[in-house]
Amino acid sequence: MSEIKKSFLSVDGNTAAALESYNFAEVAAIYPITPSSPIAEYIDLYASQGKKSFFDNTVKVVEMQSEAGAAGAVHGALQAGSYAVTYTASQGLLLMLPNIYKIVGEMLPAVFHVAARSIATRALSIFGDHQDIYAVRQTGATMICAHSVQEVADLAPVAHLVAMESMNPVIHFFDGFRTSHEIQNIEFVDNEEWKKLLPLDKIEEFRKRALNPHGHAVTRGGAENDDIYFQGREAANLHNDAVIGIAEKYFAEASRLTGREYAPFVYVGAKDATKVIIAMGSVTETITEVVEDLNRKGEKIGLVKVHLYRPFSAKHLVNVIPSTVKKIAVLDRTKEIGALGEPLYVDVVTSFAQVGRQVDVIVGGRYGLSSKDTQPKHIKAVFDFLDNKPWNSFTVGIDDDVTHLSVAPDEEYVLKHDYRSCLFYGLGSDGTVGANKSSIKIIGDATGQYAQAYFAYDSRKSGGATRSHLRFGKSPIHSTYYVENADFVSCSLDSYLFQFDMVRNLGEGGTFLLNTDMDDETLEKTMPNRMKYLLAKKHAKFYAIDANKIAESIGMGRHTNTTLQAAFFYLNQDIMPYSEAQDWMKKLAKKTYGRKGDEIVQKNYKAIDMGAEGLREVKVKAEWIKLKPVKEVVTTGDEYFDTFVTPIDKLEGNDLPGQSFH
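Keep in mind that what you see is a predicted model, and the values were worked out from it rather than measured.

Rules of the game
Within any chain, residue numbers begin from 1 and follow the written order of that chain's sequence. Note on the predicted model: pLDDT of at least 70 is required for a residue's local features to be given, and 80 or more for side-chain atom pairs to be given and counted; whole-chain, interface and lining totals, by contrast, use all residues. The basis for the side-chain values is all heavy atoms of the structure; hydrogens and waters are excluded. Two strands pair if DSSP finds at least two bridges between them. Runs of H or I in DSSP of at least four residues are treated as helices and runs of E of at least two as strands, each being numbered from the N terminus. For this analysis, residues touch if any pair of their heavy atoms sits within 4.5 Å. The angle between two axes is taken between their N-to-C directions and runs from 0 to 180 degrees, where each axis is a line fitted to C-alpha atoms and a helix contributes only its stretch in contact. An angle counts as roughly parallel when it lies under 35 degrees, as roughly antiparallel when it exceeds 145, as roughly perpendicular when it falls between 65 and 115, and as oblique in every other case. The handedness criterion is simple: a crossing whose near helix is rotated anticlockwise from the far helix by less than a right angle is left-handed, and one whose near helix is rotated clockwise is right-handed. In the scheme used here, Gly and all other residues not listed as nonpolar or charged are polar, with Ala, Val, Leu, Ile, Met, Phe, Trp, Tyr, Cys and Pro taken as nonpolar and Asp, Glu, Lys and Arg as charged. In the sections that follow, a salt bridge refers to a side-chain nitrogen of Lys or Arg positioned within 4 Å of a carboxyl oxygen of Asp or Glu. Note on exposure labels: buried denotes an accessible area under 20% of the residue type's maximum, exposed denotes more than 50%, and partly exposed covers the range between, all computed with a 1.4 Å probe on protein chains only. Buried residues of nine kinds, namely Ala, Val, Leu, Ile, Met, Phe, Trp, Tyr and Cys, make up a nonpolar core once their side-chain atoms join them within 4.5 Å. Orient the strands so they point away from the viewer; a crossover is then right-handed if the path from the first strand over the helix to the second runs clockwise. Any pair of Phe, Tyr and Trp rings, taking the six-membered ring for Trp, is counted once the centres come within 6.5 Å. Such a pair is stacked with planes under 30 degrees apart, edge-to-face with planes over 60 apart, and tilted for the rest. Placement of a positive charge over a ring is assigned whenever Lys NZ or Arg CZ falls within 6 Å of the ring centre and within 35 degrees of the normal to the ring plane. The length a helix should cover is 1.5 Å for every residue beyond the first.

Visitor: So, the sheet that holds strand E11 (residues 301-306): which residues are in play, and what are the values?
Guide: With mixed pairing, the 7 strands of this open sheet are ordered in space as E9-E11-E10-E13-E14-E15-E16. At either margin of the open sheet sits one strand with a lone partner, and together these are strand E9 (265-269) and strand E16 (406-407). Pairing between E9 and E11: 5 bridges, direction antiparallel. Residue pairing across strands places Val266 opposite Lys305, the latter belonging to E11. The sheet contacts of helix H12 (residues 283-296) involve E9, strand E10 (275-279), E11, strand E13 (327-332) and strand E14 (361-367), and relative to E11 the element is tilted by about 160°. Running at roughly 130° to E10, helix H15 (residues 376-385) makes contact with E10, E11, E13, E14, strand E15 (394-396) and E16 of the sheet.

Spelled out as structure tokens, the structure:
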């Protein structure tokens, strides 16, 4: 057997979806909506470059005036015998519902790539969960879930191949932002390998069914009455039932080509597990980490990853779960008001009832709505919860002090990893995110290390706070959650000292870097007591740099990102030697800014050189450990809130509101 050609690229989930889906398309009807917009942008870019698809044509890209229009254009292209694709999320997917029903009924092989996102209810949110994809589960479309950036690259081709062979539309979905915008070093199977799998007979059959008034006129989409409509719907059963077998076939092909296991349901964990979690989406990466860690410590637990959500096969689900399992928790990333449980939970309960298998406990819970972070400590708590009189419709990742459905996290549980983790606080459009993307490329190219990057944006984007979560290591990284216990934390705006509890996320012995124009004496007087206390308690190293002054002195205005990037590399030489990092930064600066002229390039070179020179170490004083923070201050996440239980006149020093609490 010849070796399968593969290549590695550092990309996010949207890019992976664009690269793979372009090959299988002839028409792409698009309308932008966060967080799927970049996929359509890349498709348009590839088409403008004249890139050829597997059909030896440049994809015809048409931007419509709404998502409903995009779905209508896809529908029309399919009727004419062209393979069509679109990309969407949230309310955009809901606007496509009428067309999806028609596309299913007319057996048309559309593919919808969805960066799953919250639905606007009491408030709009641009962030990710599964409310949108659950809202289309009743259409009859096949639904395939990718759980990571790597899986997007592996399963996007599977979605198209399944659609082609089954003559049924496929909704290929992955988590908005957490997967769509997470950057990873991933493996791509050579295009020719996927091209070999094209079902040529089905493609020819599809072409022949195209509406064509010139010698092939047919009637389609008629109106029926009560005498035959019901029978027609039931007659489709055989067509729909065949989808599972076709999906299995292409999951097996993906497994062969990639070396990673794919099936409608994939089990991970102990063969004699007594407890399992069933879930789909990026959370399964976190659950896998917890399962492997706890099993090493003597637990007997497991995970079921759902890849084929529709059609849902009870037989396939129950068959992958070890016979020893007695307790099951099902995690849904949605809230279905008024229902007896969330959709995946209901499917699991029904599956066990239909197959006739008995277990002691099946409970369902909710997590991660609107990209709410789900840490290993939350997953550990779910496994513990199964042994502790569990209740249905539990929540994890929040503190529900209203209806008291939440499960408290195990705060003592911390996973140990062999990677280095970094957290950068920046201002939207200040260049921090761009510099961190550049750092990922440098480290990946220069050291061959695996890298993961996730950028948490304020919904205001430009001008709002950004947090860059970066990890680097010598083995693949599966931590699909925010960085906590970071080895390195950087802050590019000193006003954040009073807005965010940044040192809380710094690990023992970690390094904190602050961009500020304050001298050491002023800084000590200004810093919140809580920050000083945590720096001392964690035995942290503290560095400061006036990157604004450096940028201004060399004519770069307020662009501090290059200087701070150099400071990062200087303070993290266990990742790579600083001299090497300097060379790489300068190569990338020339590539990035060369078209703007040599003067801009030289300014960036100078900013890189001065990044290390401008650093100074700020002494972390042992006596700061005595500056205990006020316990009554209410905090949520990283942000401080000016809610005090203790009267203001009883507070001391820098813990007064207006200084450390805004």
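Visitor: Outline the packing of helix H20 (residues 561-571) against helix H21 (residues 578-593), supporting the account with residue identities and numerical values.
Guide: At their nearest, the axes of H20 and H21 sit 9 Å apart, and the two run at 155° to each other. By the angle class used here, H20 and H21 are roughly antiparallel. By crossing handedness, the relation of H20 to H21 is classed as right-handed. Side by side, H20 and H21 meet where Asn561, Gln565, Ala566, Phe569 and Tyr570 of the first sit next to Tyr578, Ala581, Met585 and Tyr593 of the second. When grouped by side-chain class, the residues that make up the contact of H20 with H21 number 7 nonpolar, 2 polar and no charged.

Visitor: Lay out the pattern of salt bridges with the relevant residues and their values.
Guide: The full count for this structure, using the stated rule, is 34 salt bridges. A salt bridge links Lys275 to Asp387; its shortest N-O distance comes to 2.8 Å. With Lys275 in strand E10 and Asp387 in the loop between H15 and E15, this pair connects stretches of sequence that are 112 residues apart. When its relative accessible area of 6% is taken as the criterion, Lys275 is described as buried. As a salt-bridge pair, Lys380 and Asp410 come within 2.8 Å of each other at their nearest N and O atoms. On the criterion of sequence distance, the pair formed by Lys380 in helix H15 and Asp410 in the loop between E16 and strand E17 (420-427) is long-range, its members being 30 residues apart.

Visitor: I'd like a description of the nonpolar core, backed by residues and values.
Guide: Ranked by size, the top nonpolar core spans 105 residues in total, and within it Ile133, Val158, Ile171, Trp194, Ile278, Ile328 and Leu344 carry the most contacts. For this core, the element with the highest residue contribution is helix H7 (residues 149-166), accounting for 10 residues. Residue contacts for Ile328: discarding those within four places in its chain leaves Val276, Ile278, Ile321, Phe352, Val359, Val361, Ile362, Val363 and Leu386. If you look at the next biggest cluster of nonpolar residues, it comprises 36 residues, including Ile440, Ile442, Leu470 and Val601.

Visitor: Explain the pairing of E10 to me, and be specific about the residues and the numbers.
Guide: Sheet faces and side chains relate simply in a regular strand, where the side chains alternate between the two faces. Along E10, 5 of the 5 residues are buried, which leaves the element largely enclosed by surrounding structure. Burial along E10 is two-sided: the face carrying Lys275, Ile277 and Ala279 and the face carrying Val276 and Ile278 are both buried. For E10 and E13, the ladder comprises 4 bridges, and the chain directions are parallel. What sits directly across from Lys275, in E13, is Lys327. The pairing of E10 with E11 spans 5 bridges and is parallel. Bridge assignment links Val276 to a residue of E11, and that residue is Gly302. Traced from E10 through H12 to E11, the parallel crossover comes out right-handed.

Visitor: Could you give an account of the packing of aromatic side chains, with specific residues and numbers?
Guide: What characterises a pair of aromatic rings is the spacing of the ring centres plus the angle enclosed by the ring planes. Taken as a whole and judged by the stated rule, the model has 20 aromatic pairs. Aromatic pair Tyr22 and Tyr46: ring centres 5.8 Å apart, planes at 85°, arrangement edge-to-face. Residue Tyr22 is located in helix H1 (residues 13-22), and its partner Tyr46 is located in helix H2 (residues 37-48); the two are separated by 24 residues in the primary sequence. Here the aromatic residues Tyr134, Phe265, Tyr309 and Phe312 are joined through ring pairs into a cluster of three or more. Directly above the ring of Tyr309 sits Arg310, whose terminal nitrogen or CZ lies 4.3 Å from the centroid. Here Arg471 stacks its cationic end above the ring of Tyr481, 5.0 Å away from the centre of that ring.

Visitor: How would you explain helix H11 (residues 237-258) if you had to name every residue and give the values?
Guide: When the terminal C-alpha atoms of H11 are compared, their 32 Å separation across 22 residues agrees well with the 32 Å that a helix rising 1.5 Å per residue should span. What H11 keeps buried is the set Val243, Ile244, Ile246, Ala247, Tyr250, Phe251, Ala254, Ser255, Leu257 and Thr258. Where H11 ends, the next residue or the one after it, Gly259, has phi of about 80°, a positive value.

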